[in-house]
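# Fold and contact review
In case you want the letters, here they are:
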Amino acid sequence: MQNNRLSRLAARVTTLCAIGCLVAFSLPAVGESKKSFNVCWTIYAGWVPWGYVDSSGIIDKWARKYGIDIRITQINDVGEALNQYAAGKFDACSMTNMDALIVPVVGGVDTTALVVGSYSDGGDGVVIKGKGKTLKDLKGMSVYLPELTVSHYLLARGLETAGLRERDVKVVNTSDADLVAAYDTGNVLAAVAWNPQLMTLKARPDTMEIFNSHQIPGEIIDIMVANTRVLKDNPALGKALTGAWYEVMAMIKAGNAEALEAMAKSSGTDLASYRAQLKNTHLFHTPQENLVFVTSPDLIKTMRRVAQFSFEKGLLGEGAKNAEAIGMSFPGGVTLGDKKRILFRFDDAFIRMAIKGGL
Amino acid sequence: MRFINRHPGRGNQLLLALLPFILLLAAYFSGSAARLQDNSDDKLLPSAAQMAAAIDRAAFREDRRSGEYILWNDTAASLARLGMGLGIAACAGLALGIISGAFPLLRAGLSPFLAVASMIPPLAILPILFIVFGLDELSKVMLIVIGITPILARDLEQKAREIPRELFVKAQTLGANSWTLVLRMMLPQLCCRLFISLRLMLGPAWLFLISAEAISATAGLGYRIFLVRRYLAMDTILPYVAWITLLAWLMDYLLRQINRRCFPWSEGAET
């Protein structure tokens, strides 16, 4: 009987082990040529067009043209979107240049900046309570912001222009969702936020903006990135996303009321407020404008700065000896950082196809 | 023999106890190995060596930026908040429980309110808590207090009402007034229940602590987890989770020992 019991126990252990292994191996491995793709985006003025690309059915039209299937999902939490993309659940996702560098790229996911859609042009800002204040007044103050995000980067750049250093202020980590509520308390005298929260904060009485991304144009970039491996095996994904994006850009440029109304609605605001947000977001309306930005040497300078900032914050991984630890490539064969370890690629191939009308 | 009557032997008992842990670890490490083979920089399921390196950095080396030992720094900040929150909640819960358990006149006003208050999810009214308590340490402690006090109070009230009527009658026959009844008869019985309730509320207390630290902080175990989550540093997060689990288990053990030491008579009645 003892034997019987033991053998049953052994059988049960085997079953459980099998289940464990199944769970472990069902985690996705990146495939080769495939037909259906997952894309994610999060709420931000410059990414809301991706929501319209999806809801209007424009993406289906382009996907059908290339015989593939693309599913676009909106994710509520920016950090979660980054993690899901880095973990391989999505083939492409919207993120800023800095987020792309410190999450998927540092995580070893070779990433291509597929559609460099816009840059923040006042959409991120530092606000302070009071009148007649400047950046210098931040000295010794607590500044509330989501740490290790573009807000943190913006503050560092702002302090730099005022001759201050980050250690001159105290950074208090505050989640972006709670920033507005936190700002309304007596403790918080200075904060850094992005749109739409920034617009809410600026509208508070006795509040002024002392620095914003308009003063560092082109440094906080909103990109649709794609997994380089997937993109290389399936150029159709890149073609379909690029084609759909510029179709919607043309609609925005033409002031298509119906499209703008839909985008305003999906970002939870009205048309006037969405237009105001767009004013602080420099969208590239045509592939030509986009090409100029992507091939400009300023982009390399920006990425060098972002890499340096990330390195100083310990975000390039513990093995990183300096800001050059990760390689990046730019159009025209220019590289930055470790040439043997190129993981972040700015590429103009799809933009050129769009210009030539080859999509 | 019916299944319900079968008991494991001593060896099997140990084996069965360890089995879920072994399976969990096996599933984790096989998944981790598979992902790391595919991409050696993968951060989702770090290997044991990567986690050991992260523990070394967090616990035994000065942080490059702040010059602090971040694990101990975070632990001290979190335990101070948790200790304060639990302490205040225990005192308030005990007082409210006794008041509403002992005096029908006061219970009429208090008990329905506690019943409603204990159902309010504190996290849903966070912006109001910010305005009232500010954003500093106070609001973090208060989130714990508001989260667990009403439940502690209700539990103790219930326990107080379970004290046999005969005891009240007997004590009063012997000349006890309201005050001595509370102090000499109810308090000892409820103190012992307080420790059991506190042990059950440890989980929610940690939950509130970590939520509070995630929202706005400069140190703390929850702060660190939510901060490094931004760049998917699971090699830091997983050891932190294990550390929190260990701390919570130790607190539970400590409370049980105190209870056993102070109220040895209560062991038989413990749930």
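Residues numbered from 1 in each chain as written. Chains lettered and ligands numbered in written order. Predicted model: local features only at pLDDT ≥ 70, side-chain atom pairs only at ≥ 80, totals over all residues. Heavy atoms only, no water.

Taken together, the contact pairs 39 residues of chain B with 52 residues of chain A. Across the chain B to chain A interface the summed buried area is about 3,900 Å²; carbon plus sulfur atoms make up 55%. One can count three salt bridges joining chain B with chain A. In this structure, A:Asp77 and B:Arg229 form a salt bridge, with 3.6 Å as the shortest nitrogen-oxygen distance. Counting only elements with at least two residues in the side of chain B that touches chain A, the list comes to helix H1 (10-38), helix H5 (126-133), helix H8 (178-215), strand E1 (216-217) and helix H9 (221-229) of chain B. Where strand E7 (residues 170-174) of chain A lies against E1(B), two bridges are found, and the strand directions are antiparallel. Looking across to E1(B), one finds that A:Asn173 is bridged to B:Ala217. (Contact = heavy atoms within 4.5 Å. Buried area = accessible area lost by both parts, 1.4 Å probe. Salt bridge = Lys/Arg side-chain N within 4 Å of Asp/Glu carboxyl O. Helix = DSSP H or I, 4+ residues; strand = E, 2+ residues; numbered from the N terminus. Pairing = 2+ DSSP bridges.)

So, on to the domain arrangement of chain A. Residues and elements named next belong to chain A. Annotation of chain A at the domain level lists domain 1 (37-119 + 219-356) and domain 2 (124-215). Relative to domain 2, the C-alpha centre of domain 1 lies at a distance of 26 Å. Domain 1 puts 15 residues into the contact, and the matching count from domain 2 is 16 residues. For the pair domain 1 and domain 2, the interface holds two salt bridges. (Domains from an automatic or database assignment.)

This part covers the state of the cysteines. Considering all chains together, one arrives at one disulfide over all chains under this definition. Two residues share a disulfide in this structure: A:Cys40 and A:Cys93, whose sulfurs sit 2.3 Å from each other. As the torsion about the S-S bond is roughly -110 degrees, the A:Cys40-A:Cys93 disulfide counts as left-handed. On the criterion of sequence distance, the pair formed by A:Cys40 in strand E1 (residues 36-41) and A:Cys93 in strand E3 (residues 92-96) is long-range, its members being 53 residues apart. Given the relative accessible area of 0%, A:Cys40 is considered buried. On the basis of relative accessibility, which here comes to 0%, the residue A:Cys93 falls in the buried class. The closest cysteine sulfur to the non-disulfide-bonded B:Cys191 is located on B:Cys192, 8.6 Å from its own sulfur. Its sulfur unpaired, B:Cys262 is 8.8 Å from the next cysteine sulfur, which belongs to B:Cys191. (Disulfide = S-S within 2.5 Å. Buried < 20%, exposed > 50% of the residue type's maximum accessible area, 1.4 Å probe, protein only.)

Further remarks concern the sheet that holds E7(A). Strands sit in the order E9(A)-E5(A)-E8(A)-E6(A)-E7(A)-E1(B) across an open sheet of six strands; the sheet is mixed. In the strand order of this sheet, the two ends are held by strand E9 (207-212) of chain A together with E1 of chain B, each with one partner. Judged from the five bridges that link them, strand E5 (residues 124-129) of chain A and strand E8 (residues 190-194) of chain A form a sheet pairing that is antiparallel. What sits directly across from A:Gly125, in E8(A), is A:Ala193.

The final tally for this structure, using the stated rule, is 24 salt bridges over all chains. Across the salt bridge formed by A:Glu209 and A:Lys202, the nearest N and O atoms sit 3.7 Å from each other. The residue B:Arg199 makes a salt bridge to B:Asp252 at a minimum N-O spacing of 3.1 Å. Here B:Asp252 lies in helix H10 (residues 234-262) and B:Arg199 lies in helix H8, a separation of 53 residues in the sequence. Take B:Arg199 and B:Asp252: they sit in the same class, and that class is buried.

Before going further, it helps to examine the nonpolar core. With 191 residues, the main nonpolar core has A:Ile70, A:Leu138 and A:Leu155 as its most contacted residues. In terms of residue count, H8(B) provides more of this core than any other element does, 19 residues in total. When residues of this core are assigned to domains, at least three map to each of domain 1 (37-119 + 219-356) and domain 2 (124-215) of chain A. Residues within four places of A:Ile70 in sequence aside, it is in contact with A:Phe37, A:Val39, A:Ile59, A:Asp60, A:Ala63, A:Leu237, A:Ala240 and A:Leu241. (Core = buried A, V, L, I, M, F, W, Y, C linked by side-chain atoms within 4.5 Å.)

We now examine helix H13 (residues 287-294) of chain A. Residue pairs spaced three or four apart in an α-helix point in one direction, given the helix's 3.6 residues per turn. Of the positions making up H13(A), those classed as buried are A:Pro287, A:Asn290, A:Leu291, A:Phe293 and A:Val294. Looking straight down H13(A), one finds its buried side chains confined to an arc of 165 degrees; they lie on one side. (Arc of directions from axis to C-beta.)

Taken as a whole and judged by the stated rule, the model has 13 aromatic pairs over all chains. Look at A:Trp50 and A:Trp245: their rings are 4.7 Å apart centre to centre, the planes differ by 25 degrees, and that puts the pair in the stacked class. Of this pair, A:Trp50 sits in helix H2 (residues 48-55) while A:Trp245 sits in helix H10 (residues 235-253), and the two are 195 residues apart along the sequence. Like A:Trp50, the residue A:Trp245 is buried in the burial classification. Among the aromatic residues, ring-to-ring pairing joins A:Tyr119, A:Phe284 and A:Phe293 into one connected group. Directly above the aromatic system of A:Tyr183 lies the positively charged group of A:Lys129, at a separation of 4.6 Å from the ring centroid. The ring of B:Phe168 has B:Arg165 lying over it, and the distance from NZ or CZ to the ring centre is 4.6 Å. (Phe/Tyr/Trp six-rings, centres within 6.5 Å; stacked < 30°, edge-to-face > 60°. Lys NZ or Arg CZ within 6 Å of the ring centre and 35° of its normal.)

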